[in-house]
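Topology and contacts: notes
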Amino acid sequence: MDMKNVTVFDHPLIQHKVSILRSVDTSSNQFRTLVEEITMLMCFEALRDLPLEEVEVETPICKTKTNMLAGVKLAVVPILRAGLGMVNGFLTLVPSARVGHIGMYRDPKTHEPHEYYCKLPNNIENRLVIVTDPMLATGGSAIDAISLIKERGGKNIKFMCLIAAPEGVEALTKAHPDVEIYCAHVDEKLNENCYIVPGLGDAGDRIFGTK
Ligand code: PRP
Ligand code: URA
């Protein structure tokens, strides 16, 4: 598998929390909280290249030169529904980020993605755009969501998920070689229903308590 675009966040805290997510005994309430916490930890790592600028600050002791973020404009764009579960974790660290929404659902028979909503922040072409979705399975939803963002001018796009299937990594890397992929784990494979094995089941249903 071509892993050149993939960063796997294997920090022990992330791995521990993902293991609890996987358990069939984890409630929706716990699941939502864990998704937020894991996203916050991943966001912390994924943004380590944000540019800084030197500014002058006066401490109670003296004036000093110190670093602050150099005004990069950020947008987080969840793929509905499950990607919504990752937004608050992101906004906890970057409260000034704008939020876009892309609605996609997978046809249960063909597993093909269908778009039903797209609303992006203005100046998308000048923003670092982080697309969130807990699951990268066949890659169809992520590929189409990123194409929509590019059609509307987005240029600097990263994709953040919790669990990726090797098939999804391959497909997304081929379709959008410029997009870095961040995940907490690359799992074994897809099953005959295109669910990730071992995965964590249907992320949207587990976050929102639907079935
Ligand atoms: C799930 C998941 C991804 C997609 C992944 O969404 O949240 O968006 O499937 O599959 P893919 O990589 O094969 O496209 P789903 O369509 O079940 O919608 P939901 O989030 O509303 O539950
Ligand atoms: N969507 C999910 O929510 N889970 C999977 O395993 C695959 C697609």
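As a convention, each chain's residues are numbered from 1 in the sequence order in which they are written. Just so you know, chain letters begin at A and ligand numbers begin at 1, following the order they were written in. The model is predicted, so local features are restricted to residues of pLDDT at least 70 and side-chain atom pairs to those at 80 or more, both for listing and for counting; the totals for chains, interfaces and linings are taken over all residues. Here the side-chain values reflect all heavy atoms present in the structure, with hydrogen atoms and water set aside.

Looking at the pattern of salt bridges
As a working rule, side chains carrying opposite charge can pair if their charged atoms are close by. Just so we agree on the cut-off: Only one rule defines a salt bridge in this text: a Lys or Arg side-chain nitrogen within 4 Å of an Asp or Glu carboxyl oxygen. Here the term buried applies to any residue with accessible area under 20% of the maximum for its type, exposed to any over 50%, and partly exposed to those in between, with areas from a 1.4 Å probe on protein chains only. Numbering of helices and strands runs from the N terminus; a helix is a DSSP stretch of H or I covering at least four residues, while a strand is a stretch of E covering at least two.
The full count for this structure, using the stated rule, is 9 salt bridges. For the salt bridge of Lys4 with Asp2, the shortest nitrogen-to-oxygen distance reads 3.2 Å. Judged by relative accessible area, Lys4 falls into the exposed class, the value being 60%. Classification of Asp2 by relative accessible area gives partly exposed; the value is 32%. With a shortest N-O distance of 2.7 Å, Lys17 and Glu37 are connected by a salt bridge. Linking Lys17 in helix H1 (residues 12-22) with Glu37 in helix H2 (residues 28-46), this pair joins segments that are 20 residues apart in sequence. On the basis of relative accessibility, which here comes to 18%, the residue Lys17 falls in the buried class. Through salt bridges with shared partners, one network takes in Arg81, Asp205 and Lys211.

Here's the deal with the environment of Val129
What counts here: Any two residues whose heavy atoms approach within 4.5 Å at even a single point are treated as in contact.
Looking at where Val129 falls in the secondary structure, it is placed in strand E8 (residues 128-132). The exposure class assigned to Val129 is buried, which follows from its relative accessible area of 0%. If near-sequence neighbours (up to four positions away) are discounted, Val129 is found in contact with Ala75, Val77, Ile124, Ile149, Asn156, Ile157 and Lys158.

Section: the pairing of strand E4 (residues 74-80)
Counted only if it meets this: For two strands to be treated as a pair, DSSP must find at least two bridges joining them.
In terms of burial, E4 is a largely internal element, 7 of the 7 residues being buried. Side-chain alternation along E4 places Leu74, Val76, Pro78 and Leu80 on one buried face and Ala75, Val77 and Ile79 on a second face that is also buried. The pairing of E4 with E8 spans 5 bridges and is parallel. Its bridge partner lying in E8, Ala75 is registered against Val129.

Topic: the nonpolar core
Within soluble globular proteins, side chains that are nonpolar tend to cluster in buried spots. Rules: The criterion is simple. A nonpolar core is a set of buried Ala, Val, Leu, Ile, Met, Phe, Trp, Tyr and Cys residues joined through side-chain atoms within 4.5 Å.
Judged by nonpolar contacts, the single largest core of 36 residues is most densely connected at Leu21, Met42, Leu47, Leu74, Phe90 and Leu162. Those elements that place two or more of their residues in this core are H1, H2, E4, helix H3 (87-93), E8 and helix H6 (203-208). Ranked by residue count, the leading element in this core is H2, at 7 residues. Dropping the residues within four chain positions of it, Leu47 is found in contact with Leu74, Phe90, Val94, Leu128 and Ile130.

So, the site of ligand 2
Formally: We define proximity as follows: a residue is near a molecule or strand when any one of its heavy atoms falls within 4 Å of that partner. By the criterion applied in these results, polar contacts are pairs of N or O atoms within 3.5 Å in which, for protein atoms, one can donate a hydrogen and the other can accept it, and in which residues neighboring in sequence qualify only through two side-chain atoms. Reported accessibility uses the Shrake-Rupley method at a 1.4 Å probe radius. Residues are deemed covered only where the shown protein chains occlude them. Nonpolar residues are Ala, Val, Leu, Ile, Met, Phe, Trp, Tyr, Cys and Pro. Charged residues are Asp, Glu, Lys and Arg, and all others, Gly as well, are polar.
The environment of ligand 2 is formed by Arg106, Met135, Ala137, Cys194, Tyr195, Ile196, Gly201, Asp202 and Ala203. A distance of 2.8 Å is found between an oxygen atom of ligand 2 and a backbone nitrogen or oxygen belonging to Ile196. Burial of ligand 2 by the protein chains amounts to 89% of its free accessible area of 240 Å². Looking at the shell around ligand 2, its residues break down into 6 nonpolar, 1 polar and 2 charged.

What about helix H5 (residues 166-175)?
Applied cut-off: Picture the helix axis, draw a direction to every C-beta atom, and the arc is the one those directions span.
Taken as a whole, H5 has its buried residues at Pro166, Gly168, Val169, Leu172 and Thr173. In an axial view of H5, the angular spread of the buried residues amounts to 160 degrees, which keeps them on one side of the axis.

A closer look at the packing of aromatic side chains
The test is simple: To pair, rings of Phe, Tyr and Trp, with the six-membered ring standing in for Trp, must have centres within 6.5 Å; the planes then decide the type, stacked if under 30 degrees apart, edge-to-face if over 60, and tilted in the middle.
One pass over the structure, following the stated rule, counts 2 aromatic pairs. Considering the side-chain rings of Phe9 and Tyr182, the 5.5 Å spacing of their centres and the 15 degrees angle between planes classify their relative orientation as stacked. Here Tyr182 lies in strand E12 (residues 180-183) and Phe9 lies in the loop between strand E1 (6-8) and H1, a separation of 173 residues in the sequence. Both residues of the pair, Phe9 and Tyr182, count as buried. Plain terms: the ring middles of Tyr105 and Tyr116 are 6.2 Å apart, the flat faces sit at 35 degrees to each other, and that makes the pair tilted.

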